[in-house]
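Residue-level structure breakdown
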Amino acid sequence: MSIIKGIHHISMKTCNEEEYERVVDFYTNILELEIARTWEHGIMFDTGSGIVEIFKNGDEQPSKGVIRHLAFAVDDVDICVKKVTEAGYEVFKGPTDIEIPSNPVFPARMAFCYGPLGEEVEFFQER
């Protein structure tokens, strides 16, 4: 049995108050995540199966790292795409039905957008 129980949280940093407010708006009002807790330097959003943590004390614009994207399990990819598009965020891969060629085959529907920090956000719907 693994010593790892699951992913607890994914963390990002913002560089200033305006960027922090944009991120909070995106995850609260557009993606409708509930706030788990706040403190002087950040906020945590509950995804239902893990936490997205945002710090507001970053001091420089980060370069793209090794994490490719955040993937959220959703019931309806198209609704997510509609909400982020209406809020002015770029959808760089629209809703697409896929079949991951695994054993057994894994059918899904997915889409990607850029979040307020340039993070790649995937909406993933198991079929």
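What comes next concerns the included structure. (Residues numbered from 1 in each chain as written. Predicted model: local features only at pLDDT ≥ 70, side-chain atom pairs only at ≥ 80, totals over all residues. Heavy atoms only, no water.)

1. Observations concerning the sheet that holds strand β2 (residues 34-39)
Read from one edge to the other, the open sheet built from four strands follows the order β1-β4-β3-β2, with strand pairing classed as mixed. The sheet is open, and its two borders are formed by β1 (9-13) and β2, each paired with just one other strand. Each strand of the sheet is rotated relative to its neighbour by a mean of 20°, with strand direction disregarded. Across five bridges, the pairing between β2 and strand β3 (residues 42-46) is antiparallel. Directly across from Glu34, in β3, lies its bridge partner Asp46. Strands in contact with helix α1 (residues 17-30) are β1, β2, β3 and β4 (51-55); relative to β3, the strand with the most contacts, it is inclined by about 15°. (Pairing = 2+ DSSP bridges. Helix = DSSP H or I, 4+ residues; strand = E, 2+ residues; numbered from the N terminus. Axes fitted to C-alpha atoms, helices over the stretch in contact; angles between N-to-C directions. Contact = heavy atoms within 4.5 Å.)

2. Describing the layout of surface pockets
Taken as a whole, the largest pocket encloses approximately 630 Å³ of empty space. In this structure, the largest pocket is lined by 26 residues; those nearest its centre are Leu33, Thr47, Phe72, Ala73 and Val74. If you list the elements that add at least two residues to the lining of the largest pocket, you get β4, β5 (70-73) and α2 (77-86). (1 Å grid on protein atoms, 1.4 Å probe; cavity = no way out; pocket = protein on both sides within 12 Å on 5 of 7 lines; lining within 4 Å. Points joined across faces, edges and corners; volume = space filled by probe spheres on them.)

3. A word on α1
What sets the pattern is the α-helix's 3.6 residues per turn: residues three or four places apart point alike. If you check α1, its first and last C-alpha atoms are 19 Å apart, about what 14 residues at 1.5 Å a residue would give, namely 20 Å. Restricting attention to buried positions, one finds in α1 the residues Glu19, Tyr20, Val23, Val24, Phe26, Tyr27 and Ile30. N-cap assignment for α1: the residue whose side-chain oxygen lies 3.2 Å from the backbone N of Glu18 is Asn16. Within two residues after α1, Glu32 carries a phi angle of roughly 60°, on the positive side. (Expected span 1.5 Å × (residues − 1). Buried < 20%, exposed > 50% of the residue type's maximum accessible area, 1.4 Å probe, protein only. Polar contact = N/O pair within 3.5 Å; in protein donor to acceptor, adjacent residues only side chain to side chain.)

4. So, the pattern of salt bridges
By the definition in use, this model includes six salt bridges. Notably, a salt bridge pairs Arg22 with Glu18, separated by 3.6 Å at the nearest N-O pair. Remark: Glu18 and Arg22 occur in helix α1; sequence separation between them is four residues, near one turn of the helix. On the basis of relative accessibility, which here comes to 60%, the residue Glu18 falls in the exposed class. (Salt bridge = Lys/Arg side-chain N within 4 Å of Asp/Glu carboxyl O.)

5. What about the sheet that holds β5?
Read from one edge of the open sheet, four strands run β5-β8-β7-β6, paired in mixed fashion. Of all the strands in the sheet, just β5 and β6 (91-100) have a single pairing partner and so form its edges. Here the strands of the sheet are splayed against their neighbours by 20° on average, with no regard to which way each runs. Taken together, the four bridges between β5 and strand β8 (residues 120-126) define a ladder with parallel strand orientation. Across the sheet, residue Ala73 finds its bridge partner in β8, namely Phe124.

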